[in-house]
Amino acid sequence: MAKKSMTFTDNTTGKSYEYPVLDGTRGPSVVDIRTFYKDTGMFTYDPGFTSTASCESKITFIDGGKGELRYRGIPIEELAKNNTYLEVCYLLLNGRLPDRQEAEAFDLEIRHRSFVHEGLKNLIESFPSAAHPMAILSSSVSALASFYYEHLDINNEAEYQEMARRIIAKIPTLAAFAYRHSLGIPFIYPDISRSFTENFLYMMRAYPHERMKITPEGEQQVSQVEIDALDTIFTLHADHEQNASTTTVRGVASTGAHPYVAISAGISALWGRAHGGANESVIAQLEMIGDVKKVPEYIARAKDKNDPFRLMGFGHRVYKNFDPRAKVLKKLQDQLKEELHLDAKLLEIAHEIEQIALHDDYFVSRNLYPNIDFYSGVILYALKIPRPMFTPIFVIGRTVGWVAQWIEFKKDPASKIARPRQLYTGA
Ligand code: CMC
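Every chain is numbered on its own, with residues counted from 1 as its sequence reads. This being a predicted model, a pLDDT of at least 70 is required before a residue's local features are given, and a value of 80 or more before pairs of side-chain atoms are given or counted; all residues contribute to the totals for chains, interfaces and linings. By convention in this description, side-chain values take in all heavy atoms of the structure and omit both hydrogens and water.

A short note on unusual backbone geometry
Although it is not a glycine, R72 sits at a positive phi angle of roughly 50 degrees. Checked against the element boundaries, R72 lands in the loop between β5 (68–71) and β6 (74–75). You will see that N367, though not glycine, has its phi angle at about 55 degrees, which is positive. Position of N367 relative to the elements: it lies in the loop between α16 (361–365) and α17 (372–382). A run of H or I in DSSP counts as a helix once it spans at least four residues, and a run of E counts as a strand once it spans at least two, with each numbered from the N terminus.

Shown next, in the form of structure tokens:
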């Protein structure tokens, strides 16, 4: 038996069973109950996995009590301040930050891989123009699996790293195409002279054959302030350990399906408003409230157990303190207020909600703090990104996390098909 263990006693039979307790490098220890059913003939019951560690991981660490988030050991605040999103991608995939040469090579490769097969254009064009870009993204990423179905040997480092870089590079192009399709305007192909984040804004905004320059002037230009803001948003979304969409990706991976199909399933899981869809709902909610005077009325509705209304952008399964990503974005909001002409009315309503909620016993006693989605929407709005594209922005940032977790799952000898059991209460 391991040094630390936990004993479980069945009161009916009086039998005791001992289970090893495993320590991680940080965070709560876990009770290893893998033989529990074999030993006791019983299952454990944990809807929503509130007490379950589904895997061992070395990628991301969250301390929900302290409000701490680290990628590969590095605090998110440092990465948001000192590194580009692509450097963070390299870190998540390789376990360390790149040196200058490695960063340049990675950046160049991502630029070259940003084009998508012309067949995907036909697929996207077949969607109704009112289709939500998340539906188009999920379908086109799934379709990518049929264009790249070879060279996926998990024992071959070069192959799966190439698979990872390819999907990171193509996601912004697919997202921009999905957006332009909804407007019925021609697709803009990637311009490899532009950086990852600039290129995405360019593909969203440019006119065909237009050469846009980085200057803060002019309606159709992409400014460095905008590029930096969006790059930070991508970094803050890059990974978040075993959240609902990542658990979906690992679940699909466990059946042996293609990694891009697993990521497509992750996109679908992210779409819901309890998860990534919240960023779109936050702005919709602020617009619905419409006036700072109406905030108390909506706070009262959020507290009313008979009303399904919830404050979007508040609460988190893991954070029982300020979401550290939200802190970075709140600071960014303050910095960009003037530069990006953030919507003063929306900001005023958001500020009032935040102030009331942070002092109201309902929210305080339940540890309901603003999360990342509460602040990202107002910035994305100022970047002239339309509301249905908010969750696709989350997808662009999170793709690296999903693919890094897919790789980790595949390499872990303890991985098994995800197959929980149930407490049957039917006829
Ligand atoms: N407004 C009002 N009450 C809330 C809210 C909210 N936003 N969130 C939780 N509560 C209450 C809930 O009613 C419950 O109260 P009680 O204990 O009296 O029954 C208590 O707080 C605990 O909530 P829960 O639903 O059991 O918590 P959970 O961990 O299952 O859910 C959550 C977490 C994020 C789904 C939930 O807080 C929520 O729906 N928030 C709004 C949506 C949102 O902002 N989602 C984005 C999450 S951050 C981005 C990401 O990583 O996906």
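Things to note about the site of the ligand
We call a residue near a molecule or strand whenever a single non-hydrogen atom of that residue lies within 4 Å of it. With respect to spatial proximity, 21 residues lie near the ligand, and among them H275, L311, G313, F314 and R317 are the closest. Here a polar contact is taken to be a pair of N or O atoms separated by no more than 3.5 Å, where protein atoms must pair a possible hydrogen donor with a possible acceptor and residues adjacent in sequence count only if both atoms sit in side chains. Within the side chain of K305, an N or O atom sits 2.9 Å from an oxygen atom of the ligand. Within the contact set of the ligand, a nitrogen atom lies 2.7 Å away from a backbone nitrogen or oxygen of L311. Only the protein chains shown count as cover for residues, and the accessible areas themselves come from Shrake-Rupley with a 1.4 Å probe. In isolation the ligand has 940 Å² of accessible area, and contact with the protein removes 75% of it. Here the nonpolar group is Ala, Val, Leu, Ile, Met, Phe, Trp, Tyr, Cys and Pro; Asp, Glu, Lys and Arg are the charged ones; every other residue, Gly included, is treated as polar. When its residues are assigned to classes, the shell around the ligand shows 8 nonpolar, 6 polar and 7 charged. In this entry, domain limits derive from an automatic or database-based domain assignment. The residues that make up the shell around the ligand include at least three from each of domain 2 (75–275 + 401–411) and domain 3 (278–382).

Focus: helix α11 (residues 259–271)
Helices are assigned an expected span. That span is 1.5 Å times one less than the residue count. With 13 residues, α11 should cover 18 Å at 1.5 Å per step; its first-to-last C-alpha distance of 19 Å lies within 8% of that length. Buried residues of α11: P259, Y260, A262, I263, S264, A265, G266, I267 and L270, and no others. Contacts were defined at the residue level, with two residues in contact if any of their heavy atoms lie within 4.5 Å. Where α11 is buried, its residues touch α6 (133–147), α7 (157–183), α10 (244–253) and α18 (390–411). The buried label goes to any residue with under 20% of its type's maximum accessible area, the exposed label to any with over 50%, and the partly exposed label to all in between, with areas taken from a 1.4 Å probe on protein chains only.

Some points on the sheet that holds strand β1 (residues 5–9)
Each pair of strands is called paired provided DSSP finds at least two bridges between the two strands. Strand order in the open sheet made by the 3 strands is β1-β2-β3, with antiparallel pairing throughout. This sheet does not close on itself; its edge strands, each paired only once, are β1 and β3 (30–31).

What to know about the packing of α7 against helix α8 (residues 196–205)
Axis angles are defined between N-to-C directions and span 0 to 180 degrees, where every axis is a line fitted to C-alpha atoms and, for a helix, only to the segment in contact. Running from amino to carboxyl end, α7 crosses α8 at an angle of 20 degrees, the nearest separation of the two axes being 8 Å. Judged by the angle between their axes, α7 and α8 are roughly parallel. Both α7 and α8 take part in a crossing whose hand is right-handed. Here I168, P172, T173, A175, A176, Y179 and R180 of α7 lie close against α8, whose contacting residues are F196, F200, M203, M204 and R205. Of the residues that constitute the contact of α7 with α8, the class distribution is 9 nonpolar, 1 polar and 2 charged. If an angle is under 35 degrees, it is roughly parallel; if it is over 145, roughly antiparallel; if it lies from 65 to 115, roughly perpendicular; otherwise it is oblique. Should the near helix be turned anticlockwise from the far one by less than a right angle, the crossing is termed left-handed; should it be turned clockwise, right-handed.

With respect to the domain arrangement of the protein chain
Taken domain by domain, the protein chain comprises domain 1 (5–70), domain 2 (75–275 + 401–411) and domain 3 (278–382). Just the C-alpha atoms count here: the centres of domain 1 and domain 3 sit 34 Å apart. If you look at the interface, domain 1 gives 10 residues, while domain 3 gives 8 residues. For the domain 1 and domain 3 pair, buried surface summed over both sides reaches about 630 Å², with 60% attributable to carbon and sulfur atoms. Of all residues in domain 1, G64, G67 and L69 bury the most surface against domain 3, accounting for 53% of the area lost on that side. Definition used for salt bridges: Asp or Glu carboxyl oxygen within 4 Å of a side-chain nitrogen of Lys or Arg. Where domain 1 packs against domain 3, one counts 0 salt bridges. Our enumeration of links across domain 1 and domain 3 arrives at 3 residue pairs in polar contact (both at pLDDT 80 or more). A per-class count over the side of domain 1 that touches domain 3 returns 3 nonpolar, 5 polar and 2 charged. Once two parts are brought into contact, the accessible area they lose, counted with a 1.4 Å probe and summed over both, makes up the buried area.

Brief notes about the nonpolar core
Formed by 121 residues in total, the largest nonpolar core has its most connected members in F200, L230, I353 and I385. It is α7 that contributes the most residues to this core, 13 residues altogether. Discounting residues that sit within four places of it in the chain, F200 has contacts with P172, A175, A176, L230, F234, M389, I393 and I396. Working definition of a nonpolar core: buried Ala, Val, Leu, Ile, Met, Phe, Trp, Tyr and Cys residues. They are joined through side-chain atoms within 4.5 Å.

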